[in-house]
Amino acid sequence: MVEQGKQLYEGKAKKVFATNEEDKLIVDYKDDATAFNGLKKGTIVGKGVVNNKMSNYLMKMLEEHGVETHYIEEISDRRTVVKNVQIVPLEVIMRNVVAGSLSKRTGHPEGDVPKMPILELYYKSDELGDPMINEDHALAFGWATREELDTIAATARKVNEILKKFFATVGVDLIDFKIEFGRYKGRIILADEISPDTCRFWDSKTKEKLDKDRFRRDMGGVEGAYHEMMRRIGLAE
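An account of the accompanying structure is given in this report. Bear in mind that the values here come from a model prediction, so they are computed numbers and not experimental data. (Residues numbered from 1 in each chain as written. Predicted model: local features only at pLDDT ≥ 70, side-chain atom pairs only at ≥ 80, totals over all residues. Heavy atoms only, no water.)

Once that is clear, we can look at the overall build of the chain. A tally of helices and strands in the chain yields 6 helices and 14 strands. Against the globule reference of 18 Å for 237 residues, the chain gives a C-alpha radius of gyration of 17 Å, in line with a compact fold. C-alpha atoms of the chain, sized along the principal axes, occupy 50 × 45 × 35 Å. In the chain, which comprises 237 residues, the share counted as buried stands at 52%. Surface summary for the chain: the accessible area is close to 11,500 Å², and the carbon and sulfur share equals 51%. With 38 positive and 41 negative side-chain charges, the chain shows a separation of 3 Å between the mean positions of the two kinds. (Helix = DSSP H or I, 4+ residues; strand = E, 2+ residues; numbered from the N terminus. Rg over C-alpha atoms; globule rule 2.2 N^0.38 Å. Buried < 20%, exposed > 50% of the residue type's maximum accessible area, 1.4 Å probe, protein only. Areas by Shrake-Rupley, 256 points an atom, 1.4 Å probe, with all protein chains shown as cover. Lys, Arg positive; Asp, Glu negative; His and termini not counted. Charge placed at Lys NZ, Arg CZ, Asp CG, Glu CD.)

Okay, the packing of aromatic side chains next. Counted according to the given criterion, the structure contains 5 aromatic pairs. With a centroid separation of 4.8 Å and 50 degrees between ring planes, the pair formed by Phe 167 and Phe 201 is classed as tilted. In this pair, Phe 167 sits in helix H4 (residues 146-168) while Phe 201 sits in strand E14 (residues 199-203), placing the two residues 34 residues apart along the sequence. Across the pair, Phe 201 and Phe 167 agree in class, each one buried. Aromatic rings pair up to connect Tyr 57, Phe 166, Phe 167 and Phe 201 into one cluster. (Phe/Tyr/Trp six-rings, centres within 6.5 Å; stacked < 30°, edge-to-face > 60°.)

This paragraph deals with the packing of helix H1 (residues 47-64) against helix H6 (residues 222-232). Viewed as axis vectors pointing N to C, H1 and H6 meet at an angle of 30 degrees, and their least axial separation amounts to 10 Å. One element, H1, and the other, H6, form an angle in the roughly parallel class. For H1 against H6, the interelement crossing comes out left-handed. Packed against H1, whose contacting residues are Lys 47, Val 50, Asn 51, Lys 53 and Met 54, the element H6 presents Tyr 226, His 227, Met 229 and Met 230 at the interface. Residue classes in the contact of H1 with H6 are distributed as 5 nonpolar, 2 polar and 2 charged. (Axes fitted to C-alpha atoms, helices over the stretch in contact; angles between N-to-C directions. Parallel < 35°, antiparallel > 145°, perpendicular 65-115°, else oblique. Left-handed = near helix turned anticlockwise from the far one by under 90°. Contact = heavy atoms within 4.5 Å. Nonpolar A, V, L, I, M, F, W, Y, C, P; charged D, E, K, R; others polar.)

With that out of the way, let us pick up the pairing of strand E9 (residues 90-95). Of all the 6 residues making up E9, 6 are buried; the element is thus mostly covered by neighbouring parts of the structure. The alternating pattern of E9 places Leu 90, Val 92 and Met 94 and Glu 91, Ile 93 and Arg 95 on opposite faces, both of which are buried. Where E9 lies against strand E10 (residues 118-123), 6 bridges are found, and the strand directions are antiparallel. By the bridge assignment for E10, Met 94 is matched with Leu 119. Examined bridge by bridge, E9 and strand E12 (residues 172-184) share 4 bridges and lie antiparallel to one another. For Met 94, the partnering residue across the bridge sits in E12 and is Phe 177. (Pairing = 2+ DSSP bridges.)

Okay, the sheet that holds strand E1 (residues 4-10) next. Ordered in space as E1-E2-E3-E7-E6, the 5 strands form an open sheet in which the pairing is antiparallel. Two strands lie at the open edges of the sheet, namely E1 and strand E6 (71-74), each paired on one side alone. Adjacent strand axes in the sheet meet at a mean angle of 30 degrees when their direction is disregarded.

Moving on, we get to the nonpolar core. The biggest cluster of nonpolar side chains holds 39 residues, and the ones touching the most others in it are Leu 163, Phe 167, Leu 190, Ile 194 and Phe 201. Broken down by secondary-structure element, the contributors of at least two residues to this core are H1, E9, H4, E12, strand E13 (187-191), E14 and H6. Among the elements that make up this core, the one with the highest residue count is H4 (8 residues). Each residue touching Ile 194, except ones within four places of it in the same chain, is listed here: Met 54, Ser 55, Leu 58, Met 59, Leu 62, Leu 163, Ile 179 and Cys 199. Listed in part, the 8 residues of the second largest apolar core include Ala 33, Ile 44, Val 222 and Met 230. (Core = buried A, V, L, I, M, F, W, Y, C linked by side-chain atoms within 4.5 Å.)

A few words now on the side chain of Arg 200. Structurally, Arg 200 is set in strand E14. Of note is the side chain of Arg 200, whose polar atom sits 2.7 Å from the side chain of Asp 213. (Polar contact = N/O pair within 3.5 Å; in protein donor to acceptor, adjacent residues only side chain to side chain.)

This next bit is on H6. Listing the buried residues of H6 in full gives Val 222, Ala 225, Tyr 226, Glu 228, Met 229, Met 230 and Arg 232. Directly beyond the C-terminal end of H6, a positive phi value near 85 degrees is found at Gly 234.

Moving on, we come to the pattern of salt bridges. Note that side chains of opposite charge can pair when their charged atoms are close. Counted by the stated rule, this structure contains 32 salt bridges. A salt bridge links Arg 183 to Glu 148; the shortest N-O distance between them is 2.7 Å. You can see Arg 183 sitting in strand E12 and its partner Glu 148 sitting in helix H4, a full 35 residues away along the chain. Residue classification places Arg 183 among the partly exposed positions, given a relative accessible area of 22%. Among the residues examined, Glu 148 registers a relative accessible area of 14% and is labelled buried. When the shortest N-O distance is used, the salt bridge between Glu 228 and Arg 231 registers 2.8 Å. Separated by 3 residues within a single helix, Glu 228 and Arg 231 lie in helix H6, roughly one turn from each other. (Salt bridge = Lys/Arg side-chain N within 4 Å of Asp/Glu carboxyl O.)

These figures come from the coordinates and say nothing about function on their own.
What follows is the structure, encoded as structure tokens:
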């Protein structure tokens, strides 16, 4: 039985604990909310439960489609046992529709659909504000190997196709999302989370935002949007 040990890390959305098994960790999801690299802070009541359960549901679904993830076992509403990976210091963003910073950088209005999904890389560094980079940066500074980058890109695109099709069945457009990867026993696997914190979800008909943009933009109804996403995928109580 996995037993919780000392806290190893506390981030903006999660705490990570060691366990009595070296290759396993426990992740505890918090209700704390941040935006703009921590400049805006607040609380979204129940967010930790939504993110934990939804992320686990999606990770298990991806596993069924041949995508290896860090998920092992959900042990409570907020806590999950995961594989102890070495996180690759890259954030991978897949964009299907123009929104957020992509609109600001390109001048294309939100809602425009590019000719193909766009994959972006960011260097994972709170101190530097997670700057956007390209593959040459990752290779030149040793953040990932050529083989790892190829695996990350192929997996990210596969995850995108799987998730787009799934969310379409519940009346949700997957606008964009952020994922992270880790090294585990010589393999690159999907890690971190997939939730309204890390994805943009729009209602397919009304285009209502059902994600953390409601917090970022002071739109109100944040908790309701998170729980609506739980309801859409069949996890609401």
